[in-house]
Amino acid sequence: MCGIVGFTGTRSAAPLLLEGLKRLEYRGYDSAGIAVMGNEGIRVEKVSGKVQKLCEKTGDGAAVPGSTGIGHTRWATHGAPTDTNAHPHLSNDGRYAVVHNGIIENYAALREELTAKGYTFLSETDTEVIVHLLEMYDSGDLKSTVLRAVARLEGSYALGVLCADQPDTLIAVREASPLILGVGVGENYFASDVTALVSYTKNAIYLDDGEFAVLTPAGITVYDCTGRQIEKPVTRVTWDVEAAEKGGYAHFMLKEIMEQPAAVRAAIAPRLRDGEVVLDEFDLDAETLRQFNKIVITACGSAYYAGCAAKYALEALTRIPVEPVLASELRYSDPLIDAHTLLIVISQSGETADTIAAMRECRARGAKALAIVNVVGSTIAKSADWTLYTWAGPEIAVATTKGYTTQLAVLFLLAMSVGRKLGRLDDALYPALLYDILRLPKLIQNAIDLNHGLGALAKKYHRASSLFFIGRNTDWASALEGALKMKEISYIHAESYAAGELKHGTIALIEEGTPVIAVCCNAALEDKTISNIVEVKARGARVLAVAFRGDRKIVAQANDCVFIPPIHTLFTPILAVIPMQLLAYYVAKENGCDIDKPKNLAKSVTVE
Ligand code: G6P
């Protein structure tokens, strides 16, 4: 979704802004623009399409001189992705420029009011009301002008403001949309995402909702919503710029698939001590845990599927009923949730609008929220009662891979920890589970190594118009994520079905050559799934099975097999997904798709 950058210093701003925007490209966008304070006032350059087009238009920024500026990548919501609708927007008098992430919910009323007062709107965006409000409330003091304008806004916004009257000053405002300040030496920055900052500084200030900051080359001052100055801690960003670069891989997605052993190690290693799972951030005693009579998991996309997959381990090990609910459904469902509900909120970005809203709704009903989040300092991480970080490092490809597997790793640890504390985790089972958890990074590496031939196999499947992913129990959960990966990046229709449900409809769609991906990693149900394989094959399907290495039964039944190393059934989703990630990757590659930035999708969905 939209990305924001801002720079003030003594260096040329435009090239730095363009570089920052390139680093935000992964979030998904359809137009881009910059505004730089020059000798003759604010100059705006914007284009529909890629940042590269903006680089070409501006000679990589050389044509836009000045050392203070703001930039934006826009993911269209209000108005088509045109040059005019792209940000930054300029006030009628040309003195204010604004970039905005989020949605101004009362923009229609404001637009009417401002139009009646004689302000001319050039774009169809909700954002444009902000620049006209700034002009209308201009008091000669930038800080109080911004405060008055912002007081009129309803909705979510991260704003970057540039004013010609204070040529080396930027204002950054945050309300329900992420904004991070970068602290430099003789220069300062802001961005919607730390990825845009790390090549310039590792010192970050995370703004909270309702706060705003004034940035000059000499320093940063942060204020609360009343204009009172406040002290904010400077946080050291722990990863460097290489972590957000491709490092020799053709795509971020492939790099992130390959990073999974290390990412999962980072998620589990600090939480295993002397043979025990220790969750310092969620260290509740048995009595407190016993008060929870159900667990509701809420999330969107792959994070939701991680919840579906972990439900089995959570229920088996804690004996607490677990209900995964899509955040976009939960928020409007008048949920039966109270103080005895433990809400688990899963989000890679920590900024997904529906997930935030679902969490707020449930907390308002008394539920306690445990967040499982990757991005440090994100909204969900900060507003939950407890947060377990997944420590996956930056994930750039829109389609999540290491984000998903690290979520699973943390959820498995959680299931073990809670089960153990409640005395419901069998003493005989615990060491076996612990053994598998300790080996996870190696097992994931092994699953990757076993599937280096998937590039060749993808050639058999890439022309399909439709693929079906089937499985039972934990395998069904894996199939859900497998199908989503395929859809997201290859644009091939893919559907996941509980294998036992095939007969109730989907089997009607199976015809000669239809590919069916059958996940068969649940030993207790393997024969059942094999019977489904036989049924679809009898109707002409070409079956690719995902199974444990050495599973002869499957080799005899499926047309093709991909393997993972054996692991406890409850943990299979973390391995079964690996060949399906690779299959989706190679199918998409074969079809020439834009793998890291699939059309219409965004990494961080910050609007409903
Ligand atoms: C988008 C992304 C998905 C992600 C989902 C939830 O749809 O493209 O990869 O699973 O949002 O995102 P979150 O950041 O909350 O995990």
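Just so it is clear, the model here is predicted, and its values are computed rather than measured.

Calculation criteria
- Residues numbered from 1 in each chain as written.
- Predicted model: local features only at pLDDT ≥ 70, side-chain atom pairs only at ≥ 80, totals over all residues.
- Heavy atoms only, no water.
- Helix = DSSP H or I, 4+ residues; strand = E, 2+ residues; numbered from the N terminus.
- Buried < 20%, exposed > 50% of the residue type's maximum accessible area, 1.4 Å probe, protein only.
- Contact = heavy atoms within 4.5 Å.
- Areas by Shrake-Rupley, 256 points an atom, 1.4 Å probe, with all protein chains shown as cover.
- Lys, Arg positive; Asp, Glu negative; His and termini not counted.
- Charge placed at Lys NZ, Arg CZ, Asp CG, Glu CD.
- Near = heavy atom within 4 Å.
- Polar contact = N/O pair within 3.5 Å; in protein donor to acceptor, adjacent residues only side chain to side chain.
- Nonpolar A, V, L, I, M, F, W, Y, C, P; charged D, E, K, R; others polar.
- Pairing = 2+ DSSP bridges.
- Axes fitted to C-alpha atoms, helices over the stretch in contact; angles between N-to-C directions.
- Parallel < 35°, antiparallel > 145°, perpendicular 65-115°, else oblique.
- Left-handed = near helix turned anticlockwise from the far one by under 90°.
- Core = buried A, V, L, I, M, F, W, Y, C linked by side-chain atoms within 4.5 Å.
- Salt bridge = Lys/Arg side-chain N within 4 Å of Asp/Glu carboxyl O.

A. Quick peek at the overall build of the protein chain. Across its full length, the protein chain carries 19 helices and 27 strands. If one aligns the C-alpha atoms of the protein chain with their principal axes, the spans along those axes are about 75 × 55 × 45 Å. Relative to its 608 residues, the protein chain shows a buried fraction of 61%. Long-range pairs, those at least 24 residues apart, make up 71% of the contacts in the protein chain with a sequence separation of at least 6. For the protein chain, the accessible area works out to roughly 22,200 Å², and carbon and sulfur atoms hold 51% of it. The average position of the 60 basic charges and that of the 71 acidic charges among the side chains of the protein chain differ by 5 Å.

B. Representation of the site of the ligand in the model. Within the structure, the ligand sits among 14 residues, and Ser302, Ser347, Gln348, Ser349 and Thr352 are positioned closest to it. Ser347 is positioned with one of its side-chain polar atoms (N or O) 2.6 Å from an oxygen atom of the ligand. Thr352 is positioned such that a nitrogen or oxygen atom in its side chain is 2.4 Å from an oxygen atom of the ligand. When the ligand is considered free in solution it has 390 Å² of accessible area, and contact with the protein chains removes 91% of it. Partitioned by chemical class, the residues of the shell around the ligand number 5 nonpolar, 7 polar and 2 charged.

C. The arrangement of the sheet that holds strand β15 (residues 235-236) in detail. Reading across the sheet, the 8 strands line up as β3-β2-β4-β1-β10-β9-β11-β15 and stay open at both edges, with antiparallel pairing between neighbours. Both outer strands of the open sheet, β3 (41-48) and β15, are each paired with one neighbouring strand and no more. One ladder, built from 3 bridges, connects strand β9 (residues 180-183) with strand β11 (residues 203-206); its direction is antiparallel. The residue bridging Gly182 from the neighbouring strand is Ala204, located in β11.

D. Representation of the sheet that holds strand β8 (residues 170-175) in the model. Strand order across the open sheet formed by 7 strands is β5-β6-β7-β8-β12-β13-β14, with antiparallel pairing between neighbours. Bordering the open sheet on either side are β5 (89-90) and β14 (229-230), each of which pairs with just one other strand. The pairing of β5 with strand β6 (residues 96-104) spans 2 bridges and is classified as antiparallel. By the bridge assignment, His89 is partnered in β6 with Val98. Here helix α5 (residues 142-150) sits on the sheet in contact with β6, β7 (155-163), β8, β12 (212-216) and β13 (219-223), set at roughly 30 degrees to β8.

E. Summary view of helix α4 (residues 128-136). Of all 9 residues making up α4, 8 are buried, and the element is well covered by its neighbours. Looking at the buried residues of α4, the elements they touch are β5, β6, α3 (107-116), α5 and β7.

F. Geometry of the pairing of β7. Taken across its 9 residues, β7 has 8 buried, putting it largely inside the fold. Pairing of β6 with β7, which is carried by 9 bridges, proceeds in the antiparallel orientation. Across the sheet, residue Ile103 finds its bridge partner in β7, namely Ser156. For β7 and β8, the ladder comprises 6 bridges, and the chain directions are antiparallel.

G. Region of the structure containing the packing of helix α13 (residues 402-421) against helix α14 (residues 429-449). In contact at an axis separation of 11 Å, α13 and α14 are set at 155 degrees when each is read in the N-to-C sense. Relative to α14, α13 is oriented roughly antiparallel. Where α13 crosses over α14, the handedness of that crossing is left-handed. When α13 is examined against α14, the residues Ala409, Phe412, Leu413, Met416 and Arg420 are found in contact with a partner set consisting of Tyr430, Leu433, Leu434, Ile437 and Leu440. By residue class, the composition of the contact of α13 with α14 is 9 nonpolar, no polar and 1 charged.

H. Representation of the nonpolar core within the structure. Ranked by size, the top nonpolar core spans 136 residues in total, and within it Phe282, Ile344, Leu414 and Met416 carry the most contacts. Setting aside residues up to four positions removed in sequence, Leu414 forms contacts with Leu279, Phe282, Leu314, Ile344, Leu370 and Leu388. With 27 residues, the next largest nonpolar core counts Phe121, Ile130, Val150 and Tyr223 among its residues.

I. The side chain of Glu535, seen in detail. In this fold, Glu535 is placed in helix α17 (residues 526-538). Note on Glu535: relative accessible area 17%, which makes it buried. At 3.2 Å, the side chain of Glu535 and the side chain of Lys503 are in polar contact.

J. Representation of the pattern of salt bridges in the model. Taken as a whole, this structure holds 34 salt bridges when the rule is applied. Two residues, Glu187 and Arg11, come together in a salt bridge whose shortest N-O distance is 2.6 Å. Of this pair, Glu187 sits in the loop between β9 and β10 (188-191) while Arg11 sits in the loop between β1 (3-8) and α1 (13-24), placing them 176 residues apart in sequence. Salt-bridge contacts for Glu113 lead to Arg152; the nearest nitrogen and oxygen are separated by 2.7 Å. Of the two residues, Glu113 sits in helix α3 while Arg152 sits in the loop between α5 and β7, which places them 39 residues apart along the sequence. In this structure Glu113 comes out as partly exposed when scored by relative accessible area, which is 22%. Overall, Arg152 belongs to the partly exposed group, its relative accessible area being 26%. Connected through shared salt-bridge partners, Asp93, Arg95, Asp138 and Asp165 make up one network.

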